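# Topology and contacts: notes
This is what each chain is made of:
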Amino acid sequence: MGSNTLTITDNRTGKKYEVPIKEGTIKATDLRQIKTGEDDFGVMTYDPAFMNTAACRSAITYIDGDKGILEYRGYPIEQLAEKSTYLETAYLLVYGELPTATQLSEWQYNITHHTFINENLKGVLDAFRYNAHPMGILIAMISAMGTFYPEAKNIFDAEIRQRQIYRLVAKMITIAGFSYRHMMGMPKVYPDNDLSYPGNFLNMMFKTTELKYQPNRALERALEVLFILHADHEQNCSTSAMRVIGSSQVDPYSAVAGAAAALYGPLHGGANEQVIRMLTEIGSKQNIPAFIKKVEAGEGVKLMGFGHRVYKNYDPRAKIIKRVAYEVFEVNGTNPLLDIALELERIALEDDYFIKRKLYPNVDFYSGLIYQAMKFPMDMFPVLFAIPRVSGWLAQWQEMLEDPDQKISRPRQIYVGAKRRDFVPIERRK
Ligand code: ACO
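Read on for a plain summary of the structure. Predicted model only: the values in this text are computed from it and were never measured. (Residues numbered from 1 in each chain as written. Predicted model: local features only at pLDDT ≥ 70, side-chain atom pairs only at ≥ 80, totals over all residues. Heavy atoms only, no water.)

We note that Lys-358 has phi near 55°; this positive angle belongs to a residue other than glycine. Residue placement: Lys-358 occurs in the loop between α15 (352-356) and α16 (364-373). Under the relative-accessibility criterion, Lys-358 is labelled partly exposed at 42%. Despite not being glycine, Lys-375 shows a phi value in the positive range, around 80°. (Helix = DSSP H or I, 4+ residues; strand = E, 2+ residues; numbered from the N terminus. Buried < 20%, exposed > 50% of the residue type's maximum accessible area, 1.4 Å probe, protein only.)

Okay, structure coming up:
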């Protein structure tokens, strides 16, 4: 074998093995040949939370966590946030290339003309209590929506798959808008085909008595940028859920519902809501040092919106979001929690605890402040994350289906339970 190999000596047997290294990786299954005898299953890797395991080869999103780089299909996130629209970025993620003018207008047309949801779905929505969390509603509605499109189970038919991609990207804003109106007890607003994707979403959220809703241009653009920033982030928790569920060859609605459920958690898409709660609890700048002390004492208190599994540097999305925040504050007035956030960031970035652990602001540190300034209630924050992430989930799902290396996901375990024993009748149990 060449030099791109790893030589392993098994000290239990004295045997030597050589396994190939390709793309900086060894195949976990190559370790199975390392055995102590015929009955031995072979060596496995133990990697809870997938700290060092590549579960796929992907050409969609590139992250260099140490340098703070994020690219979609090779394009830096900063350029996309400045020059692209969400729908154009979604096209890039799903198809791999920026669209031509004709491709973009077809894509926009198809998304725009799939935004209506079946009226029966409104019956599902009405079954929820007025105070149901909109993320719970979203997850249920996505799953219910799948039942309206039974052909979606033909996941290897490219044309059918394509139609579900239009539907899922398009209907997210309608379901999200309807969920909000349900929560507020307000009549639902139907999609308006004259508006952009984020503009249409604002219409379905906030339209009241005006005959035609005109979104504020600055707020519409801010939301566009937020959607671009949240569209994909390679193999994060919800995307991995999408791939794992999708690997069973279920329809994409069921897989997206599962991915959205993963996103709901406070360590993932729920973090920006926690940031607002944390800032509100801190209450004023002079309480920050005491709060930081609590975090450092490891009393289960975390500085929400800080830290990331991959970024060990400033999250590039957080930088862009900070700029967008000021643009929103210019229109709607500043968020009183901003001063606390800025001071908290300043203190944390100079603090040994955070420096040593390479903890920097992540995308969620400032996004909640913007959403709040845009008049979105906190419960809608994870929904705002899920809307654009659908394009990333679908791109990753499609890539998985077309990847000959992939099979149904099925991790191994190290069994640590009881050894084989005989059943004990209930009267003899202690
Ligand atoms: N506040 C205080 N300490 C922290 C924080 C934080 N926000 N994040 C990590 N740490 C500490 C950990 O306690 C640990 O310390 P130790 O070495 O003394 O035990 C060390 O830093 C390493 O952190 P881990 O939790 O092991 O890192 P992991 O990669 O597992 O977690 C995560 C990443 C979940 C994002 C974590 O940083 C966190 O909980 N942050 C707050 C929640 C948050 O903002 N989530 C949003 C992430 S971005 C997104 O999903 C879009």
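On to the nonpolar core. Among the nonpolar cores identified, the biggest contains 122 residues, and Tyr-197, Phe-201, Met-278, Leu-344 and Phe-376 are the most heavily contacted of them. Ranked by residue count, the leading element in this core is helix α17 (residues 381-401), at 13 residues. Split by domain, the residues of this core number at least three in each of domain 1 (66-268 + 392-401) and domain 2 (271-373). Discounting chain neighbours no more than four positions away, the residues touching Phe-201 are Ile-173, Ala-176, Gly-177, Leu-223, Phe-227, Phe-376, Met-380, Leu-384 and Ile-387. Ile-8, Tyr-17, Val-19 and Leu-31 belong to the second-largest nonpolar core, a separate cluster that totals five residues. (Core = buried A, V, L, I, M, F, W, Y, C linked by side-chain atoms within 4.5 Å. Domains from an automatic or database assignment. Contact = heavy atoms within 4.5 Å.)

Attention shifts here to the side chain of Thr-89. Mapped onto the elements of the fold, Thr-89 is located in helix α2 (residues 86-95). Beyond its immediate stretch of four places on either side in the chain, Thr-89 contacts Tyr-72, Leu-80, Ser-84 and Ile-228.

Lining the immediate surroundings of the ligand are 19 residues, of which Lys-302, Leu-303, Gly-305, Phe-306 and Arg-309 lie closest. The backbone of Leu-303 places a nitrogen or oxygen atom 2.7 Å from a nitrogen atom of the ligand. Between Gly-305 and the ligand, the recorded distance is 2.9 Å, taken from a backbone N or O atom to an oxygen atom. In the complex, 72% of the free accessible area of the ligand, which totals 910 Å², lies under the protein chains. Grouping the constituent residues of the shell around the ligand by class yields 10 nonpolar, five polar and four charged. (Near = heavy atom within 4 Å. Polar contact = N/O pair within 3.5 Å; in protein donor to acceptor, adjacent residues only side chain to side chain. Areas by Shrake-Rupley, 256 points an atom, 1.4 Å probe, with all protein chains shown as cover. Nonpolar A, V, L, I, M, F, W, Y, C, P; charged D, E, K, R; others polar.)

On to the environment of His-233, then. Mapped onto the elements, His-233 comes out in the loop between α8 (217-229) and α9 (237-246). Residue His-233 is classed as buried on the basis of its relative accessible area, which comes to 5%. A C-alpha to C-alpha distance of 8.1 Å links His-233 and Tyr-62, two positions 171 residues apart in sequence. Each residue touching His-233, except ones within four places of it in the same chain, is listed here: Thr-61, Ile-63, Leu-70, His-308, Tyr-311, Arg-317 and Arg-389.

Before going further, it helps to spend a moment on the environment of Lys-285. Relative to the helices and strands, Lys-285 is located in the loop between α11 (271-282) and α12 (288-296). Residue classification places Lys-285 among the partly exposed positions, given a relative accessible area of 44%. With 54 residues separating them in the primary sequence, Lys-285 and Asp-339 have C-alpha atoms 7.5 Å apart. When residues no more than four places from it in sequence are discounted, the contact partners of Lys-285 are Asp-339, Ile-340 and Glu-343.

Next up on the list: the pattern of salt bridges. A side chain of one charge can pair with a side chain of the opposite charge when the charged atoms of the two come close. Applying the stated criterion to the full structure yields 17 salt bridges. Here Lys-212 ties to Asp-192 by a salt bridge, and the two come within 2.8 Å at their closest N and O atoms. With Lys-212 in the loop between α7 (197-206) and α8 and Asp-192 in the loop between α6 (158-184) and α7, this pair connects stretches of sequence that are 20 residues apart. In this structure, Asp-194 engages Lys-212 in a salt bridge whose closest nitrogen and oxygen atoms are separated by 2.7 Å. Taken together, the positions of Asp-194 in the loop between α6 and α7 and Lys-212 in the loop between α7 and α8 put the pair 18 residues apart, joining distant regions of the chain. (Salt bridge = Lys/Arg side-chain N within 4 Å of Asp/Glu carboxyl O.)

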